[in-house]
Each structure stands twice: as structure tokens, then as C-alpha cells.
Amino acid sequence: MTVKMSYSEAINDAIRLAMRKDENVILIGEDVAGGAEVDHLQDQGAWGGVFGVTKGIVEEFGRDRVIDTPIAESGYMGAAVSAAVTGLRPISELMFNDFIGSCLDEVMNQAAKFHYMFGGKAKVPLTIRTIDGAGFNAAAQHSQSLYALFTHIPGLKVAIPSNPYDMKGLLLSAIFDDDPVIVFEDKTLYGTKGEVGEGFYTIPFGKAEIKRSGKDLTIVGLGKQVNTALKAAALLEKKGFESEVIDPRTLSPLDEETIINSVKKTGRLIIVDEAYPRCSAATDIAAIVGDKAFDYLDAPIKRVTAPHAPVPFSPPLEKLYMPSPEKIIKAFSSMVGARVFSAV
Amino acid sequence: MTVKMSYSEAINDAIRLAMRKDENVILIGEDVAGGAEVDHLQDQGAWGGVFGVTKGIVEEFGRDRVIDTPIAESGYMGAAVSAAVTGLRPISELMFNDFIGSCLDEVMNQAAKFHYMFGGKAKVPLTIRTIDGAGFNAAAQHSQSLYALFTHIPGLKVAIPSNPYDMKGLLLSAIFDDDPVIVFEDKTLYGTKGEVGEGFYTIPFGKAEIKRSGKDLTIVGLGKQVNTALKAAALLEKKGFESEVIDPRTLSPLDEETIINSVKKTGRLIIVDEAYPRCSAATDIAAIVGDKAFDYLDAPIKRVTAPHAPVPFSPPLEKLYMPSPEKIIKAFSSMVGARVFSAV
Amino acid sequence: MQMETQTSAKDMTVEEATWIYTKMQEIRQFENAVHDIFAKGEIPGFVHLYAGEEAVAVGVCAHLTDRDSITSTHRGHGHCIAKGCDLNGMMAEIFGRATGLCRGKGGSMHIADVSKGMLGANGIVGAGLPLAIGAGLTAKVKKTKDVAVCFFGDGASNHGTFHEAVNMAAIWKLPVIFVCENNGFGEASTFEYAAAAERISDFAHVYKIAGDTVDGKDLTAVYDAAGKAVVRARNGEGPTIIECLTYRDYGHFEGDTQSYKDKKQQHRAVTEDDAILRFQDYVKKNKLLSEKEIKQVDERVKAAIKEAIRFSEESPFPDDKEVTTDVYVSY
Amino acid sequence: MQMETQTSAKDMTVEEATWIYTKMQEIRQFENAVHDIFAKGEIPGFVHLYAGEEAVAVGVCAHLTDRDSITSTHRGHGHCIAKGCDLNGMMAEIFGRATGLCRGKGGSMHIADVSKGMLGANGIVGAGLPLAIGAGLTAKVKKTKDVAVCFFGDGASNHGTFHEAVNMAAIWKLPVIFVCENNGFGEASTFEYAAAAERISDFAHVYKIAGDTVDGKDLTAVYDAAGKAVVRARNGEGPTIIECLTYRDYGHFEGDTQSYKDKKQQHRAVTEDDAILRFQDYVKKNKLLSEKEIKQVDERVKAAIKEAIRFSEESPFPDDKEVTTDVYVSY
Ligand SMILES: Cc1ncc(C[n+]2csc(CCOP(=O)(O)OP(=O)(O)O)c2C)c(N)n1
Ligand SMILES: Cc1ncc(C[n+]2csc(CCOP(=O)(O)OP(=O)(O)O)c2C)c(N)n1
Ligand SMILES: [Mg+2]
Ligand SMILES: [Mg+2]
């Protein structure tokens, strides 16, 4: 059974289910409830996060388990890390992923390394929820997509759900995973609706989803760029080319197999990633596939990404900054040769 | 004229030359002098950094320009950023690059973005010196090579000098560059000696150096891994294969041209990088070359890197963790086919 | 302000009072205008308005020249205006136009004008604190008499950067003034909930620097405290914390329902406690400005804001190539 | 310690005194041994020794059980021993052997034993402070009576995490005890230079929590302060800052020439001020242990350290495959 829900509602649903299932699950972050100790809001909360995603959760679970923090990312993120080590399953919200600058140590040097540094004797079942993504005119410090930084760090798992169904399943997997996981919520997707499974379900990490199949081209889209990929695929279809669109769903672990198998079939790969282009998830996938599927490639692997620049504020610039179906098609055209492409 | 100097002495020399040349150059960081306000050390300093690299500099330039800071990376790095904006040319030492967790915001969201966010109207002539590298048994939190994180961020420049000569020239370039630059000092190289130019000279960013030429294989080595690459090249030579070894010297900007031209000649590329393997500088170079030199590749591009794991403490494990000439040769053998390789 | 200022409001000149009142009105009317335009959907992105807190920015910046630096916050319009940023350029920036102070690339949260010593609004809470230290350090190293002012919120006082910065300013005796705009809230959390300290200025005592809490709705109180702090800073006597108790008239950001606000307090803030009304009383009582002169300023400002909007609406968006310019000075 | 402890040293039992003295000796002899072996080049990496500060770790941990947590620093051996970590496992870890507490993968700066509530030495200054908050939070959410202790240095008190953590503990009334080991130095910088505050415990006042500064070379002073703090924490009365004035007998790390130390102060620290000598006096004066019993402990510890070295030297290095195990629980 499925039910129609927004991306944002899917998150709310997942958190509630997890908190009902296991009393060790807590939610912690800045204004995840809001209005703490304000008389008429103490039980009901004020905001439920800046985008209202966690609204109502404090009503159900109370202030002991839904904890508003001071603006002190090192403080509460470090607290979440060791709360995880000592027996809780915290869901810690880093409001915008851009704020990782205030708490990278806790994530990179503490959460990610404890299990290894302590010889396997500590576990850090921590879930970090964070908002990423451009397209909202939120400018350079509130629009980044920094998942590459986290994918670089061994010890972390990284999920980039692109739709409500995946969001719920991946978030539930994250919460009940015994390793630290960071889940990226694209701010422009919150309102997106989709069919979501009822009740509790999980989606395993490291399993990509083939969103549509095709034999001429593989397009891997990261996060909301799956949608850009799908749009490009529809346009290419009109031109007579069949694209296989893959959503990796998690970057760490990465389902190399599904991508490579697809490339073995299509011989061509475009990766669509709105993050910065250098040392990115796009270069990562390109390097892996370029290595492991070398013999099957009919054309160079193309990356359609942001330029090597911060995210601009001005709406027309931000639009130019982002990947687009047109840019994907242009890349494809360069792969098959402009002549072949326009001939069809 | 050149003179024999260690990597560490080359740094000291560069800083002194810069400070003599421009009174706006200051050196700031934790114990960059040491012994502040201790009577007998006030003029002479105690340490000159944990590895003594900046020893004696306070003696020449005084405490006004050689500033020991509290253990407050956000604080002094942020200070260095705006000191740069308001008229100084600070050299800010982040003792170990692993400590970026305490001041990423200042580097990523402030220094890197001001010029862009402010429409080109602010400049940030900041140099960050930091120590990276494994091989010292310094364990997971003091052995990382995090240059990929910085290369990912637009607005930063990234230098990874592999020898005393480059260190001096790149550091001087960095100090007099009007953009924020981070210079990585591999801790295991401090004692390495080499010929260094006398007096003031700079090495331009984005210019790779071909350390040896060859026609069968291109090896790009990052930082001290240039040396591993050279060792592998020497072994391969005995087997009859000629390797071209390239030191990119800076990762941002990256001299794509020199690498691509080499690959066009050799048809084969191995990148040797001791950093983590995912979303790394190795994947970055592989993706770029795989795209732009696709037609010239005779074999998949191989990356010889650390495994996806934190740096282990135990010496034998750390040794296994690192790239080695043997691993490079194994990668090469897989590229030409084990049969071809052992036949020669 | 570029003219010589007084340390105490008692000695305020007509010229100064006019400047101060004008700046307060500019902020208020600018923010009201942005509020209205945002509601109509014509301004993109996140916007945080400064209305209600005018006395803080203006009371402090009255003592500064273009050589002095300020660091700011996500709620930066007021600081920009008080520090002398051009209204047209500011409004155009918020509209994302090529004529904006940052050529449209920064937006509301990143307005800056380094030539005026305004080192940028900042989207990162707490980030301005260390930045102020750097400006103070430059003044110290270059032996100028410039000062650096750091505006920050009550919420930011819980961020580690506050303490790192204050400690550094204290041990180095830097000419830095920490101006806390304690408006009672960090987003939807009250200061009382989020901070254990009773008063943020209490930390001054531990750091062995000067510090005080003043009525941030009272221009003269802020003016006096800042005046003293600036003199101390210029004389090499080190940093000061000034905690200004204030209130924001609008929500945390545009779109906030503000359910967490106490209705009575909100009402008082915009009526009897209002900084502009109180300063009007003050200048009238002290015969600095007449009712008529006040009205004239109001009208002048009204025209200026109208002009800023017109200017912005008619300005072009940035050229396409601007997406990738200004990433580096050279690359 | 696993036995019931007293809140005041006045009521200390023989059993307790024996445990305390043994732990202090274990730390001292362990560190002396590591110092010697390091000098011979048999220990790899960075090593920071705790000798001289024994009264702090032991005086505090005397009041804790395995259910209570501690967070530690780069100078963590003393905390580990006081919290009950196995000496063989510790030494083997420092030697990088498979039998080490972390199977050789952590080393000196990352010794941990979560089963004993020791959440790890830590290579990052200031990192332990927020971590202690998490352990306190777990206790609060799960409604146990466990407490969390955070050991941190005077240098770390200048890091933002100190303030973020103390503030959070204060507003949430967490069972967290902040134990500052003020040994006068952060590396080669003095506390007086790097920190503006006179006393780190002065911050307690502003955060409205309990706080005190004690003679950290006096086991009984630390014991008493910690005893009270633990009772308060277990009773839900919130956090405490205990600043312990102490001294490290060795350099910042092994290899440090220590030019920044005052020779007289150093001499006094290892003679009349020495924590072990002073505790010996105390137990003798209070008839808790005789000279002979003291000697017996010394000998027992000597044998244990010798055994730890033998154990370590004879232990194998980790298996090659360990390079990539334990990165994840599952992947
Ligand atoms: C490091 C960081 N954490 C969180 C935020 C999100 N945020 C933006 S404004 C704000 C509240 C700031 O409160 P305060 O400092 O009191 O300033 P005010 O909004 O009241 O002017 C928060 C939490 C941020 N921008 N940066
Ligand atoms: C974030 C960070 N900054 C700097 C360092 C380098 N460092 C290691 S120990 C130390 C001094 C710590 O001083 P203190 O907190 O007083 O502890 P002590 O060494 O005196 O025990 C420094 C600066 C570090 N490990 N982590
Ligand atoms: Mg506020
Ligand atoms: Mg210390």
C-alpha cells in the first residue's frame, strides 16, 4: 500500500516511525521543535525546523526526545556523536549543509573515525539530516551541495534521496544503521509529492535505482538532478535515443555494479551533479567507471555539473549555474558527434 | 645560484624573504614562535612551530608580526581572513590539516567566497600553511591528506609542493597571490634536502613539472607520492618501460594540459595519491583526463591511493596503507596485461 | 559618520542628530519596503529584516569613519545603511541586479562594501566575530587608530566563535567592540532558553575587558556606550562588549509566523519602546530637531527609498558571464 | 572505582586510599616507562605524558563507576588508567600491537575502552567537551544516574567548544563535570598569555553553574571537589566546572626541550609539590597506609608495568587485513 506524500512529509513520517519503534531515537538540532520553554509552545513547538519538516514531532514525543539546541553546531553535533556511542540513536539536524564549517571536526574526526580508531569497539549509530541544494536563490552560503566532502571521508555513509519514497526508506535505514550516516535533503524537493510506502520500510544502502532503461546512453543523476536527467532523457527520446537513467541513492556506499552494468550496455555515461566540479562525486563516478568499464566505453564520460564557482544569488545567474536538460543534451551531442546527433 | 636546503628550511627562507619584502606579511598560528611573554623567550621564541619550521622568524621580525595564538582555530583563521581583506598578507598556520574541522567555515564560506559574493570588490590575499601526510605513525587524526576537500571548494587555490625547491617558489607565489591559497607541507618531507634557488623567486600556479620523461606510461604523483612514482619508474625502467613522471605542484589550478599532453604520448595514466580514494584528487584527474584524452588511452586510468579507511596507527598497517612502488607496478601490469608485463 | 562625533549624547550637535535620525529612518523605511516587496514575491531568497533595532546600528556607527570596519550578520541591512552603504546599490543587490553593491552575486545576506569598511553581511551565525578580530589586528599591526566593530546576535553568543574572538581581542588588547544585538530570540528560540548567562556582557568581567548592557531601544544609551568604547579602542585600551537589549519588529525571516512572540511585548516594542519614536521625542525635547524638520527627513527618506526601488527595478540582471567571473582575482 | 566512595576525603577508607595510591603510581610508572622506551625509539608516533597530573585523573575517577563516562585529551594515559583500562592493553596499544585496546589501530592519542566508560583519548583539542555533553544527554534521556566527566586542558578552554559545551550542560542541567587540568601551558604557550581569564572556573559564575578552582597537586582537594560535583550531578542538580591547578612533569610531547618552563617551578613541581609524594604524606599522616604498604604498592605496580611491557613486546602486530576492517560496522 502506498500513499501520496511530499518529500517533507516523508521525512516527518520516517522520524515518527523510528521514534515509535525505538525509544533511543532522539531528534536534536536548532529549532527542530522551536519555542522551547515558551508557555503555549512548550508542548506543541513553534517551527519544526526552518522549513517545518519536523513539525508536530515534539507534540508526539515531548521535549525530552525532541531537543532544541543553542546555535552551537560543534556542541550539539559532538553531543550527538557520543550520545550515539553511549546508547542513543540520535538524529541530528545540521540545518544547512553549508554549516558543516562549524562542526566538521565532530563529523570527520570523531563520528567517522571512532569505530576504526577504537579497533571496532565503539559504534556510532548517528544520523545527520541536512539541507543542501541550489535553486532557491539562497546564495553562496546556503545553496551548496557538499556531499562530496562527506563521501571523501571513510567511516561515513552518504545518502542523497531524490524523491519521497526513497527519502523515507533511506532515512529509516540511516536511523537504524550502526554507522554514522548523513542524509541530504534538497530544499527544492520538500514540496515534491510522490507515492510513499505506508508504515515502516527501509531501502538498503548501496543499491541504485534504474529510473528508466535505455540502450544508447546512461545518465547518472545525483539527488534532484535525477529529475534533470529524466527530462533530458525524454527530450532525447524524441530524437530517437534511449537513455538509461540511474539514481545511485547513496554515494557511500556506491552501487558501482548497477552503473557499470548499464554502461556496459550503453557504452556512454553522463553524470549530472549540481555540486562543484572538482574532486566531486561526478569525478568519482567517472573515475570508477572509466577504470572498470574501460573496454565498453564508446565515448568519453561527460560530467554536467556546476561551474567551479560559488553559487550566485541573482536568479538568472543561479539558473545558468545549474545543470539543465539542454546541457545534458549538449554533452550527449559531443559524445556521439554533432553530425550524428543532428542527423536524427 | 642554488643552495642545498631542507624542505623545512625552504619554508623558513620563503617566509623571511616575504616578510622582508613586504611589511604587510605577518605569520600567525599556534606556537609559530612559542614562549610568548616568557621573559627569556619573548624575543627569541620557543618552538617555531611543532616541527621548528618557523624557528628564528620571531627573532628577526618581532612579536608584532609573528603572532602566537590561543588554541582557537576559528578565531585566528577568521582573523587572518579579514586581516587579509583589510590590508595585511597573513600567513596563517593550521598546525595539522586535520584540524580544519575546527575552522572550515572561515576557509570555505568566508575566505573562499568573499571575492565572488562581494562582486569582486574584496580581495583575500591569505596564505594558509598546513601539515599533511601519513607515514609518521601519527594515527587517524594527525595523518590525513585533505587537499581534495579544498580543491573541491571554488575560490581556493591549493599547492602540494613535493620538494624544497618547489616549496620555496610556491610558498612565495602563495604569499603574494591575491587569492586565498592553502599550501600543504608533508610532515615526512621536512628533513628532505634539495637544491633551492637563492633569494626571491616564485613558481607560477597551474604549471606541472615533468620529473622524468617516458613514452610508455604517465604517472602523476601528488605531493610526496611523486617520489613513490619516481621509484616505480626506476623499477619499470629495469623492466624496459619508460615512465613519464609528472608533479602537478598545484591542484587548483591544475595543469591539465601537461598531463593530457603526456597521456596523449603514453596512452596510459596512473595517479598516485595517498589521500582517501573517494571524491579525491585522484578521481578528479582521472575524470578530467578520461574525458579530454579519451581517444588516446590504451588502458584504463588507474589510481593508486589509500584504501577507503582512516589512517591506522600501527606501523606495519600504516605501511600497507600507503601507496608503494609495488602497487604502482601492479597497476601497470594490469594495464598492459600480466602476460606482456612479465614477458619483458 | 564622517564628521567628528561626541562621546556623550549630551553634547550631540544638530548635524549629528540629523544624520542619526536620517539613518534610523532610512533603515526603517528600507526594511518596511523590502517587507512589502518580498510579500509580493518580487524579492528572491532569504531575507532577515532589521526594523526595530535601528538604534543599535546607528548609535554605534555614528562614531565610526569609513576607515573603521564593521562585521555583520544575516540581519545586515541596518548595519550597511548605518555604515554608509548606498541605498540604491543595496536595494539593487537585494533584487539581484547588476547594479547591486555586489553586482547581484551576493544578495541580502552578503551585502558588502569594503570601501566603506562594511566587511559584509554574513549568512553564517558567529562568523563575523573572528572577522572583526582580523580588522582589529590590521589596525594594531599597521598602527592606525582604526577600530573594528562586530555586530552579533544573542543567539550567536552561544557559538564558540564568540568566545574565541573575545578572548583574542582581550589578550591582544585589540581595538574591537563587540556589539551584541540581544533581541531576545535566535530564530524561534528565546535567549532565556538557549543561553545560560543572565547577561552577555557578564562575560566581559571574566575576560577582564570593559562591558555593559544598555537599552538598545534608546539611541542615546547606545551612542554613549559606543562613544566610550570607541575612544578606549582608539587609545589602545582594548576591547569592549556592549550588549544592547532590543527587539526585532518582523519575524526571524520573511515568512515567519512568529508564534513564539509575546503579543504584549511585541506591541510595546513597536509603540512606546520604539527606537525611532523615542529618538524623535529626544531630539524634540532637546531642541535638536523640530517636528517639521523630522517630517522633512521622513519625506526625504521616503523619496530615497522610492528611488532605490525604481533604480533596482529598472536595473538589468547581471550579464550571463558573471556566473564565473570574480571566483579568483587571477587563476 | 567500583566501590562506594565518600564525598569527602576525610572519610576515605583504607580500601579507597589503596586504590587511589595504586592508580597514581600506575600512571606515574607507566608514563616514566613510556618516556624511557620512547627515548630508545621503540614507540612510534606522538606521545604526550600525564606524569605530574595524577591527582586530577585519580581524584575524579575515584568517584566514578564503569557506567559513568569520561572524555579525554591527547594526554590521555592518566585518564585511561584512572578509569580502569587494562595496563597491558594500553601499553600494547601504544606499541601498535594487535593485543592493544584498539587492536593497534588507535595508538597513544586514541586509546579507548567504551566498556569502561572511557570514550577515548582524543587528538583534537577541545573535542572531548561536546562529547561529554552527549554522554550526559544519554544519562538524562535514559534517566540513569550516570555522570559524564570531561577532562580538558587550560589551552582547550580557549577553544569555542568549551563554551558551547558548558552552556549546553548548563541550560539542560546535565550531569556533566568539566575538569580543567590547568597545567599552565598549552604546548609552548603559557596560560597567562593565551587566556584572558584569571581563572577558568570564573566562567561557572556567568553560566550560573557550580565551579571552583582547587590545588590539582593535592589528591584530597580534587577528590573533595569531584565528590561534591558527582553527587550534585547524580541528583540532577546540573554541571560543575572544577579547575585543577597542576603541572606536567615532562614536555608537551616526547621530544620537547621545554625551554619555556621556569626551572624553579619545574623543580618544585617534582619535589615538594609532587602529587604522589603529597598523597604518601597524607595517607601516612592519616594512618591509611603505612610506609611498608606504600612500598608494596610501588613494587606491585612496578611488576605490572614490567609485565605490560613484556606483554606488548611479545604481542604480534595486527594482521594485514586489519588495514581495512572496522571502517564500518557494515558496508
Ligand atoms: C552557523 C549557523 N548556524 C545556524 C544558522 C541558521 N540561523 C540563521 S539566523 C539564526 C538565528 C540567529 O540568532 P541571533 O544571533 O540572535 O540573531 P538574530 O536573528 O536574532 O538577529 C540561525 C540559527 C546559521 N545561519 N549559521
Ligand atoms: C584543534 C586542535 N588544535 C591544535 C592542536 C595541537 N595541540 C595538541 S595539544 C595542544 C595543547 C593543548 O593544551 P592544553 O589544552 O592545555 O592541554 P595540555 O597539553 O596542557 O595537557 C595543541 C595546541 C590539536 N591537537 N587540536
Ligand atoms: Mg537574536
Ligand atoms: Mg595545558
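Residues numbered from 1 in each chain as written. Chains lettered and ligands numbered in written order. Predicted model: local features only at pLDDT ≥ 70, side-chain atom pairs only at ≥ 80, totals over all residues. Heavy atoms only, no water.

1. Some remarks on the overall build of chain C
When you go through chain C residue by residue, the secondary structure sums to twelve helices and seven strands. For chain C, the C-alpha radius of gyration of 19 Å lies close to 20 Å, the compact-globule estimate for 331 residues. Each of the three principal axes of chain C carries a C-alpha extent, and together these read 55 × 50 × 40 Å. Looking at chain C residue by residue over its 331 residues, the buried ones come to 68%. Excluding contacts between residues fewer than 6 apart, the proportion of contacts in chain C whose partners are at least 24 apart in sequence is 73%. Accessible surface, chain C as shown: approximately 11000 Å² in total, 50% of it carbon and sulfur. Distance from the positive charge centre (38 side chains) to the negative charge centre (48 side chains) of chain C: 3 Å. (Helix = DSSP H or I, 4+ residues; strand = E, 2+ residues; numbered from the N terminus. Rg over C-alpha atoms; globule rule 2.2 N^0.38 Å. Buried < 20%, exposed > 50% of the residue type's maximum accessible area, 1.4 Å probe, protein only. Contact = heavy atoms within 4.5 Å. Areas by Shrake-Rupley, 256 points an atom, 1.4 Å probe, with all protein chains shown as cover. Lys, Arg positive; Asp, Glu negative; His and termini not counted. Charge placed at Lys NZ, Arg CZ, Asp CG, Glu CD.)

2. Some remarks on the overall build of chain A
Along its length, chain A carries 13 helices and 14 strands. Taken over the C-alpha trace, chain A has a radius of gyration of 20 Å; the compact-globule value for 344 residues is 20 Å, and the two agree within 12%. C-alpha atoms of chain A, sized along the principal axes, occupy 70 × 45 × 45 Å. A burial count over chain A gives 76% of its 344 residues as buried.

3. Remarks on the UniProt feature "domain: Dehydrogenase E1 component" (unreviewed entry) in chain C
Residues annotated by UniProt as "domain: Dehydrogenase E1 component" (unreviewed entry) correspond here to residues 23-319 of chain C. Across residues 23-319 of chain C, the secondary structure splits into 45% helix and 11% strand, with the terminal C-alpha atoms separated by 32 Å. (UniProt positions renumbered as here; feature names shortened; annotations may be inferred.)

4. A short note on the pairing of strand β2 (residues 148-153) of chain C
Residue and element names in this part refer to chain C. Counted residue by residue, β2 has six buried out of six residues, so it is predominantly covered. Of the two faces of β2, the one holding A148, C150 and F152 and the one holding V149, F151 and G153 are both buried throughout. Where β2 and strand β3 (residues 176-182) come together, six bridges link them in parallel fashion. From the neighbouring strand, V149 faces β3, where its bridge partner is I177. Since β2 and β3 lie parallel, the crossover through helix α6 (residues 160-172) that links them has a hand, and here it is right-handed. (Pairing = 2+ DSSP bridges. Right-handed = clockwise from strand over helix to strand, strands pointing away.)

5. Observations regarding the site of ligand 2
What surrounds ligand 2 is a group of 21 residues, the closest being E73 of chain B together with H74, G123, G155 and N183 of chain D. Neighbouring residues of ligand 2 are distributed over chains B and D. Taking V125 of chain D, its main chain carries an N or O atom lying 3.0 Å from a nitrogen atom of ligand 2. The side chain of E187 of chain D places a nitrogen or oxygen atom 3.3 Å from a nitrogen atom of ligand 2. Burial of ligand 2 by the surrounding chains reaches 97%, relative to a free accessible area of 580 Å². Residue classes in the shell around ligand 2 are distributed as seven nonpolar, nine polar and five charged. (Near = heavy atom within 4 Å. Polar contact = N/O pair within 3.5 Å; in protein donor to acceptor, adjacent residues only side chain to side chain. Nonpolar A, V, L, I, M, F, W, Y, C, P; charged D, E, K, R; others polar.)

6. Quick look at the coordination of the magnesium ion (ligand 3)
All names here are of chain C. Taken together, D154 (OD), N183 (OD1) and F185 (O) make up the full set of protein donors to the magnesium ion (ligand 3), lying 2.0 to 2.1 Å away. Read in sequence order, the donor residues for the magnesium ion (ligand 3) give the motif D-x28-N-x1-F. With D154 in the loop between β2 and α6 and F185 in strand β4 (residues 185-186), this pair connects stretches of sequence that are 31 residues apart. Like D154, the residue F185 is buried in the burial classification. (Donors = N, O, S within 2.8 Å, 3.2 Å for Na, K, Ca; no water.)

7. A look at the layout of surface pockets
Space left empty within the atom packing is revealed by a probe, the size of a water molecule, rolled over the atoms. Reported here for the largest pocket is a volume of approximately 560 Å³. Looking at the largest pocket, it is lined by 33 residues, and the ones nearest its centre are N182, F191, E192, E198 and R199 of chain D. Only α6 of chain C together with α7 (191-194) and α10 (263-270) of chain D provide two or more residues apiece to the lining of the largest pocket. Broken down by class, the residue content of the lining of the largest pocket amounts to 15 nonpolar, seven polar and eleven charged. Of the voids in this model, the second largest pocket is the one considered here, and its volume is about 480 Å³. (1 Å grid on protein atoms, 1.4 Å probe; cavity = no way out; pocket = protein on both sides within 12 Å on 5 of 7 lines; lining within 4 Å. Points joined across faces, edges and corners; volume = space filled by probe spheres on them.)

8. What to know about the coordination of the magnesium ion (ligand 4)
Residues and elements named next belong to chain D. The protein atoms that coordinate the magnesium ion (ligand 4) are D154 (OD), N183 (OD1) and F185 (O), at distances of 2.0 to 2.1 Å. In primary-sequence terms, the residues that donate to the magnesium ion (ligand 4) follow D-x28-N-x1-F. Here N183 lies in the loop between β3 (176-182) and β4 (185-186) and D154 lies in the loop between β2 (148-153) and α6 (160-171), a separation of 29 residues in the sequence. Comparing D154 with N183 shows no difference in burial state: the two are buried.

9. Digging into the site of ligand 1
Neighbouring ligand 1 are 21 residues, the closest being E73 of chain A together with H74, G123, G155 and N183 of chain C. More than one chain reaches ligand 1: the nearby residues come from chains A and C. A distance of 2.7 Å is found between an oxygen atom of ligand 1 and a backbone nitrogen or oxygen belonging to G155 of chain C. The separation between a nitrogen atom of ligand 1 and a polar side-chain atom of E187 of chain C is 3.3 Å.

10. Here we look at the pattern of salt bridges
Scanning the model with the defined rule gives 86 salt bridges over all chains in all. As a salt-bridge pair, E322 of chain D and K105 of chain D come within 3.4 Å of each other at their nearest N and O atoms. With E322 of chain D in the segment after α12 (291-314) and K105 of chain D in the loop between α4 (87-94) and α5 (128-141), the pair connects residues that are 217 residues apart, well separated along the chain. Classification of K105 of chain D by relative accessible area gives buried; the value is 0%. Salt bridges here are not isolated pairs; linked through shared partners, they connect R28, E54, K217, D249 and D274 of chain C. (Salt bridge = Lys/Arg side-chain N within 4 Å of Asp/Glu carboxyl O.)

11. What about the nonpolar core?
In terms of nonpolar packing, the biggest core is built from 340 residues, with F178 of chain C together with F178 of chain D touching the most fellow members. F178 of chain C has contacts with L129, I133, C150, F152, A165, V166, A169, P239, T240, I241 and I242 of chain C, leaving out every residue within four places of it along the chain. Residues A9, A229, C244 and V283 of chain C belong to the second largest nonpolar core, which totals 70 residues. (Core = buried A, V, L, I, M, F, W, Y, C linked by side-chain atoms within 4.5 Å.)

12. Focus: the sheet that holds strand β14 (residues 302-305) of chain A
All names here are of chain A. Read from one edge to the other, the open sheet built from five strands follows the order β9-β11-β10-β13-β14, with strand pairing classed as mixed. Each end of this open sheet is capped by a strand with a single partner; those strands are β9 (209-212) and β14. If you compare each strand with its neighbour and ignore which way they point, the axes differ by 25° on average. Pairing analysis gives four bridges linking strand β10 (residues 217-221) to strand β11 (residues 243-247), with the strands arranged parallel. Within β11, the position partnered with T218 by the bridge is E244. (Axes fitted to C-alpha atoms, helices over the stretch in contact; angles between N-to-C directions.)

13. Some points on the relation of the copies chain A and chain B
You can overlay chain A on chain B at an RMSD of 0.0 Å; the transform is a turn of 180° with a shift of 0.0 Å along its axis. Put plainly, the chains are arranged around a two-fold axis. Interface overlap between copies is the fraction of interface residues in one copy that are interface residues in the other; for chain A against chain B it reaches 100%, indicating a shared surface. (Least-squares fit on C-alpha atoms with pLDDT ≥ 70 in both.)

14. A short note on the domain arrangement of chain A
Residues and elements named next belong to chain A. Looking at chain A, the domain boundaries give domain 1 (2-197) and domain 2 (209-335). Each of domain 1 and domain 2 has a C-alpha centre, and the two are 27 Å apart. Across the boundary between the two partners, domain 1 contributes 28 residues, which contact 26 residues of domain 2. In this assembly, domain 1 packs against domain 2 so that about 2100 Å² is buried in total across both faces, 56% of it on carbon and sulfur atoms. On the domain 1 side of the interface with domain 2, the three residues burying the most area are N137, Y147 and I160, jointly 27% of the side's total. Linking domain 1 to domain 2 there are two salt bridges. One salt bridge in this structure joins D166 and R249, with 3.1 Å as the shortest N-O distance. At the surface where domain 1 touches domain 2, the tally comes to 16 residue pairs in polar contact (both at pLDDT 80 or more). Broken down by secondary-structure element, the contributors of at least two residues to the side of domain 1 that touches domain 2 are α6 (147-152), β6 (157-159) and α7 (164-175). Among the residues making up the side of domain 1 that touches domain 2, the classes are represented as 15 nonpolar, ten polar and three charged. (Domains from an automatic or database assignment. Buried area = accessible area lost by both parts, 1.4 Å probe.)

15. Side note on the packing of helix α1 (residues 14-39) of chain D against helix α11 (residues 275-285) of chain D
Residues and elements named next belong to chain D. Here α1 crosses α11 at 160°, and the two axes come no closer than 11 Å. As judged from the angle between their axes, α1 and α11 are roughly antiparallel. When the axes of α1 and α11 are compared, the crossing they make is left-handed. Taken together, the residues of α11 that come into contact with α1 (itself represented by A17, I20, Y21, M24, Q25 and R28) are A275, I276, F279, Q280 and V283. Tallied by class, residues from the contact of α1 with α11 come to eight nonpolar, two polar and one charged. (Parallel < 35°, antiparallel > 145°, perpendicular 65-115°, else oblique. Left-handed = near helix turned anticlockwise from the far one by under 90°.)

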